[in-house]
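Understanding the architecture of this molecule
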Amino acid sequence: MHPTKAYAAPAVHAPLTPFSFERRDVGPHDVLIDIKFCGVCHSDLHQVRDEWGGAQFPLVPGHEIVGIIREVGAHVTKFQVGQPAGVGCMVDSCRECESCREGLEQYCEPGFTGTYGAPDKVSGGLTMGGYSNQIVVNEDFVLRIAEGQPLERVAPLLCAGITTYSPLRQWNVQPGQKVGVIGLGGLGHMAVKIAAAMGAEVTVLSTSPGKEADAKELGAHKFIVTKDPAALKEVRSYFDLIINTVSAPIDLNQYLQLLRRDGTMVLLGVPPEAPQIQIFNLIGGRRRLAGSLIGGIAETQEMLDFCAEHGILSDVEVIPMADINEAYERMLKGDVKYRFSIDLATL
Ligand code: NAP
Ligand code: ZN
Ligand code: ZN
């Protein structure tokens, strides 16, 4: 067993505090990673506050994990000690259902094993995430990271990167197509970079006028302040695809009207409240409302390779572990450019 240092939420709404537990021994197909950096996803905050229901405590969040491999099991073929590696939102799945066989483990029919707060099929108890100094994961759920990249800026690709890459690929974004991104946060800034690299014309739809210069620097062609009804009118029936990353409840109807005929709005953000949809906004224009959940392991590897090839990294503010509670408060205020990345050396 490996005694492990971490930060955990001991109970719902409680601040995160130092915590220790044991990681399992390295099995024949396992990889032990010394965690260097872990991104802070808004989903961590939703779950620490149990905003989706069913969260179990103590909760060690963190599913944007990068580090260096310290040990590999006897039968591990894909990885070697000393290599950089990543772990995202999943650490296991059934591997047998139709979704798993198609490489869509995120849609595993019996359900995948989440990196934290999920029943741990190997050790019992709950899985514990990346706000910790090490993790043991089956090699099939470990991602390769190209050598020589700044790991603190790679970490957020493991959730924010794949969550935005997957729908951009699924809806087959082509050069010149018009892509809207609602919300310029962790997911949003990755969506802008990736869609721009795919050749799309990208528009950021934001509540924060102060983010305009950043949006353009990230690769956006247009920036619209969504509080201004006149500005929204300009892009009515305009977008082929809208990626909605907002973490709070918003009126989706005003955004559905921005889709052209046969356009799709993909919901990525998961506010706890159910949205109200005016059906006329869908039937007029044969518009579609869709959802997308992270991405499969093969697609996550494809995304990491795509980002390495295009020089795409997350824009991060590196924080010490002890600042996590303050970071959550800042994230709620939209005060992050554009992802916190925890330096686990400070644990
Ligand atoms: P984040 O960094 O906090 O960004 C969310 C952005 O939404 C903010 O920067 C802000 O952008 C906008 N926003 C926040 N409150 C708003 C409000 N009241 N009205 C309008 N806009 C608001 O969060 P994130 O880490 O990107 O995560 C976003 C959401 O995606 C969360 O709900 C998270 O749980 C979810 N998520 C889903 C998946 C999936 O697989 N589908 C994966 C990861 C995360 P502006 O300042 O530009 O308006
Ligand atoms: Zn996430
Ligand atoms: Zn499955």
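Residues numbered from 1 in each chain as written. Chains lettered and ligands numbered in written order. Predicted model: local features only at pLDDT ≥ 70, side-chain atom pairs only at ≥ 80, totals over all residues. Heavy atoms only, no water.

Side note on the overall build of the protein
Tallying secondary structure elements over the protein gives 11 helices and 17 strands in all. Here the protein has a C-alpha radius of gyration of 20 Å; the compact-globule value for 347 residues is 20 Å, and the two agree. Its C-alpha atoms put the protein at 60 × 40 × 40 Å along the principal axes. A total of about 14,500 Å² of accessible surface is found on the protein, and carbon and sulfur atoms cover 51% of it. Counting 30 positive and 41 negative side-chain charges, the protein places the centres of these two groups 7 Å from one another. (Helix = DSSP H or I, 4+ residues; strand = E, 2+ residues; numbered from the N terminus. Rg over C-alpha atoms; globule rule 2.2 N^0.38 Å. Areas by Shrake-Rupley, 256 points an atom, 1.4 Å probe, with all protein chains shown as cover. Lys, Arg positive; Asp, Glu negative; His and termini not counted. Charge placed at Lys NZ, Arg CZ, Asp CG, Glu CD.)

Some details on the domain arrangement of the protein
Split into domains, the protein comes out as domain 1 (2-156 + 314-346) and domain 2 (161-291). Computed from C-alpha coordinates alone, the two centres of domain 1 and domain 2 are separated by 28 Å. With 12 residues of domain 1 at the contact, the number on the domain 2 side is 14 residues. Surface buried jointly by domain 1 and domain 2 totals about 1,100 Å² across both partners, of which 52% is contributed by carbon and sulfur atoms. Remark: the boundary between domain 1 and domain 2 carries two salt bridges. One salt bridge connects Asp-315 with Lys-193, and the closest N-O pair in it is separated by 2.7 Å. Across the side of domain 1 that touches domain 2, the residue classes break down as three nonpolar, four polar and five charged. (Domains from an automatic or database assignment. Contact = heavy atoms within 4.5 Å. Buried area = accessible area lost by both parts, 1.4 Å probe. Salt bridge = Lys/Arg side-chain N within 4 Å of Asp/Glu carboxyl O. Nonpolar A, V, L, I, M, F, W, Y, C, P; charged D, E, K, R; others polar.)

Quick look at the site of ligand 1
Not every one of the 29 residues close to ligand 1 is listed here, only the nearest: Ser-206, Thr-207, Ser-208, Lys-211 and Arg-339. At 2.8 Å from an oxygen atom of ligand 1 is found a main-chain nitrogen or oxygen belonging to Ile-294. In this structure, Arg-339 approaches ligand 1 through a side-chain N or O atom, which is 2.6 Å from an oxygen atom. Burial of ligand 1 by the protein chains amounts to 88% of its free accessible area of 910 Å². Those elements giving two or more residues to the shell around ligand 1 turn out to be α1 (42-48) and α5 (186-197). It is α1 that provides the largest number of residues to the shell around ligand 1, a total of three residues. Classifying every residue of the shell around ligand 1 gives 13 nonpolar, 14 polar and two charged. Looking at the shell around ligand 1, you find at least three residues from each of domain 1 (2-156 + 314-346) and domain 2 (161-291). (Near = heavy atom within 4 Å. Polar contact = N/O pair within 3.5 Å; in protein donor to acceptor, adjacent residues only side chain to side chain.)

Comments concerning the coordination of the zinc ion (ligand 3)
For a metal with four donors in a tetrahedral arrangement, the ideal angle between donors is 109.5 degrees, while six donors in an octahedron ideally sit at 90 or 180 degrees. Around the zinc ion (ligand 3), the protein contributes the donor atoms Cys-94 (SG), Cys-97 (SG), Cys-100 (SG) and Cys-108 (SG), at 2.3 to 2.4 Å from the metal centre. Metal-centred angles of 103 to 120° between the four donor atoms at the zinc ion (ligand 3) mark the site as tetrahedral. Read in sequence order, the donor residues for the zinc ion (ligand 3) give the motif C-x2-C-x2-C-x7-C. Of this pair, Cys-94 sits in the loop between β6 (90-92) and α2 (98-101) while Cys-108 sits in the loop between α2 and β7 (113-114), and the two are 14 residues apart along the sequence. (Donors = N, O, S within 2.8 Å, 3.2 Å for Na, K, Ca; no water. Tetrahedral: all angles 85-135°; square planar, octahedral: opposite > 155°, others 65-115°.)

Examining the packing of helix α4 (residues 160-170) against α5
Where α4 meets α5, the axes come as close as 8 Å, and the angle between the chain directions of the two elements is 50°. Taken together, the axes of α4 and α5 are oblique relative to one another. α4 and α5 meet at a crossing whose hand is right-handed. Every residue of α5 that contacts α4 at Ala-160, Gly-161, Thr-163, Thr-164, Tyr-165 and Leu-168 is listed here: Gly-186, Leu-187, Met-190, Ala-191, Ile-194 and Ala-195. Per-class residue counts for the contact of α4 with α5 are eight nonpolar, four polar and no charged. (Axes fitted to C-alpha atoms, helices over the stretch in contact; angles between N-to-C directions. Parallel < 35°, antiparallel > 145°, perpendicular 65-115°, else oblique. Left-handed = near helix turned anticlockwise from the far one by under 90°.)

Brief notes about the coordination of the zinc ion (ligand 2)
Taken together, the protein ligands of the zinc ion (ligand 2) are Cys-41 (SG), His-63 (NE2) and Cys-159 (SG), with distances of 2.0 to 2.3 Å. Along the chain, the residues donating to the zinc ion (ligand 2) fall in the pattern C-x21-H-x95-C. Of this pair, Cys-41 sits in the loop between β3 (30-39) and α1 while Cys-159 sits in the loop between α3 (151-154) and α4, placing them 118 residues apart in sequence.

Describing unusual backbone geometry
Here the residue pair Phe-57 and Pro-58 is connected by a cis peptide bond, since its omega of 0° sits within 30 degrees of zero. Within the secondary structure layout, Pro-58 lies in the loop between α1 and β4 (65-72). Look at the link from Lys-337 to Tyr-338: it is a cis peptide, with omega at -15°. Position of Tyr-338 relative to the elements: it lies in the loop between α11 (324-332) and β17 (339-343). Even without being glycine, Arg-95 reaches a positive phi, approximately 70°. Along the polypeptide, Arg-95 turns up in the loop between β6 and α2. A positive phi angle, near 65°, is found at Asp-262, a position not held by glycine. With respect to the secondary-structure elements, Asp-262 resides in strand β14 (residues 259-267).

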